[in-house]
Amino acid sequence: MKSRVSIGFGITFVVVGLAVSRVSWVAPAAADDTVAAATAVALTAVGGEGGSYTYIGANKCKKCHLPEHKSWAKLKHATALEALQPDQATEKKAKASLDPKKDYSKDATCVACHSVGFGKPSGYAIPDAADEKAVKESKELAGVGCEACHGPGSEYSKLHEEIMKSKRKYKQDEMYAAGMNKMDEKVCLTCHNEKSPTIDKTAKFDFAKKKDENTHEHTPPKQRE
Ligand code: HEC
Ligand code: HEC
Ligand code: HEC
Ligand code: HEC
């Protein structure tokens, strides 16, 4: 059961079994059939079609992962949606032939890579400016939050809580089975690709270097087997 919804610049979102389950691992910039096929494979890798993972927002991770949260909050991923507002990052915009005076923060083509889970049932949705509640709620998933890289956290955060309380050892496979992404270059390349209007096309994405430079401070897990 698969349906495809196309938004803007041919960005294709694959929604698997929308009516029954809310599976939500989809590359934000999935652009063609090849990527769509890869996404379907990735879905299996993070727990298969039976999972129903939803986004819960970076604040929910904060109480247990304070060093990661604090260091993430200082870096540009956290404020990536703000960069789309008028008079922000003006030089980069001008250089990429974008209009520095224009508000791109409600432009689906841009928001797709500057927020968490855009276009998915529980992901970031562009709020109606008159709806105060929606505006407030949307802040939880604005910018490139934890779950943009680690995957939708509804299930694995419960697993983490259980592991914390029981103090037992765990295998990383348990994390993946609960909806967590395997962390590798592919996660980053869903956004760091040539569909980004500001990308430096001459530079190759150096995963090893960038993951330390621009994700957050790392505290090695102690209970992992
Ligand atoms: C959901 C999309 C998305 C994902 C996934 C993502 N990024 Fe980013 N990244 C962005 C955006 C958008 C910016 C620009 C933010 C700004 O400057 O306001 C950015 C900026 C950066 C920067 C600073 C600019 C640069 O290119 O040097 C680094 C470094 C970076 N990301 C590394 C990573 C790494 C490493 C990963 C994977 C572990 C990753 N990103 C995953 C969207 C993403
Ligand atoms: C395919 C994903 C993707 C799309 C679509 C996308 N961006 Fe980005 N954006 C990124 C990434 C990744 C970065 C950081 C590295 C780079 O410049 O590519 C970034 C960086 C930026 C920056 C620089 C921010 C800073 O603080 O230096 C601006 C400005 C920006 N994007 C604006 C836009 C606008 C406006 C659009 C829509 C017209 C857009 N982006 C669409 C992924 C994307
Ligand atoms: C841009 C992508 C990205 C974002 C956003 C991100 N992380 Fe990570 N995270 C990573 C990478 C890369 C690693 C390192 C994985 C490795 O070394 O195997 C990691 C590792 C971790 C780890 C394992 C321990 C450690 O510190 O290395 C925890 C816990 C974690 N992240 C929590 C968070 C939380 C909480 C947030 C949000 C506040 C967050 N992450 C946001 C990419 C990201
Ligand atoms: C109730 C506390 C709690 C919450 C909430 C929580 N975690 Fe965790 N998390 C843990 C514990 C405990 C571990 C295992 C740490 C260890 O081994 O030292 C862990 C491990 C991790 C790891 C490393 C997994 C691995 O590969 O070994 C990542 C990444 C991570 N958490 C991200 C997140 C993100 C993102 C969120 C929010 C969506 C989140 N966590 C919510 C407690 C929590």
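Please read all numbers here as calculations on a predicted model, not as lab measurements.

Visitor: How should the overall build of the protein be read in this particular structure?
Guide: Along its length, the protein carries 11 helices and two strands. Going residue by residue from the N terminus, the α and β elements of the protein occur as β-β-α-α-α-α-α-α-α-α-α-α-α. Taken across its 225 residues, the protein has 28% of its residues classed as buried. Pairs at least 24 residues apart make up 63% of the contacts formed inside the protein by residues separated by at least 6 positions.

Visitor: Would you take a moment to explain the site of ligand 3 for this structure?
Guide: Around ligand 3, the surrounding shell holds 20 residues, and the nearest of these are Cys 61, His 65, Cys 146, Cys 149 and His 218. Ranked by residues supplied to the shell around ligand 3, first place goes to helix α7 (residues 146-150) with four residues. Per-class residue counts for the shell around ligand 3 are nine nonpolar, nine polar and two charged.

Visitor: Before we go on, may I ask you to explain the environment of Thr 54 in this structure?
Guide: Counting through the fold element by element, Thr 54 comes out in the loop between α1 (33-45) and α2 (59-62). Residue Thr 54 is classed as partly exposed on the basis of its 18 C-beta neighbours within 10 Å. In this structure the C-alpha to C-alpha distance between Thr 54 and Pro 121, which are 67 residues apart in sequence, comes to 8.0 Å.

Visitor: Looking at this structure, I do not really get the site of ligand 4. What am I missing?
Guide: Around ligand 4 sit 20 residues, and of these Cys 61, Cys 64, Gly 153, His 160 and Pro 221 come closest. Listed by contribution, the elements that provide at least two residues to the shell around ligand 4 are α2, α7, α8 (156-166) and α9 (172-177). The biggest single contributor to the shell around ligand 4 is α8, with five residues.

Visitor: Teacher, can you tell me more about the nonpolar core here?
Guide: Here is a general trend for soluble globular proteins: nonpolar side chains tend to be buried in one another's company. Of all hydrophobic cores here, the largest spans 18 residues; its most connected members are Val 111, Val 116, Tyr 124 and Leu 141. Look past the residues within four positions of Val 111 in its chain and what remains in contact with it is Ser 105, Phe 118, Tyr 124 and Ile 126.

Visitor: Which parts of the structure should I look at to understand unusual backbone geometry?
Guide: What is expected of a backbone is that most residues other than glycine have negative phi and most peptide bonds are trans. Located in the positive-phi region is Asp 87, a residue other than glycine, with phi close to 65°. Mapped onto the fold, Asp 87 is located in the loop between α3 (66-74) and α4 (90-95). Positioned with a positive phi, Lys 167 is a non-glycine residue whose angle comes to about 60°. Examined against the element boundaries, Lys 167 turns out to sit in the loop between α8 and α9. According to the C-beta neighbour criterion, Lys 167 is exposed, with 8 such atoms within 10 Å.

Visitor: Explain the environment of Asp 103 here, please?
Guide: Note on placement: Asp 103 falls in the loop between α4 and α5 (108-111). Considered as a pair, Asp 103 and Gln 85 are 18 residues apart in the sequence and their alpha carbons are 4.9 Å apart. When near neighbours in sequence (up to four residues on either side) are disregarded, Asp 103 contacts Gln 85 and Pro 86.

Thresholds applied
Residues numbered from 1 in each chain as written. Chains lettered and ligands numbered in written order. Predicted model: local features only at pLDDT ≥ 70, side-chain atom pairs only at ≥ 80, totals over all residues. Helix = DSSP H or I, 4+ residues; strand = E, 2+ residues; numbered from the N terminus. Buried ≥ 20, exposed ≤ 12 C-beta atoms within 10 Å, placed from the backbone. Contact = placed C-beta atoms within 7 Å. Near = placed C-beta within 6 Å. Nonpolar A, V, L, I, M, F, W, Y, C, P; charged D, E, K, R; others polar. Core = buried A, V, L, I, M, F, W, Y, C linked by C-beta atoms within 7 Å.

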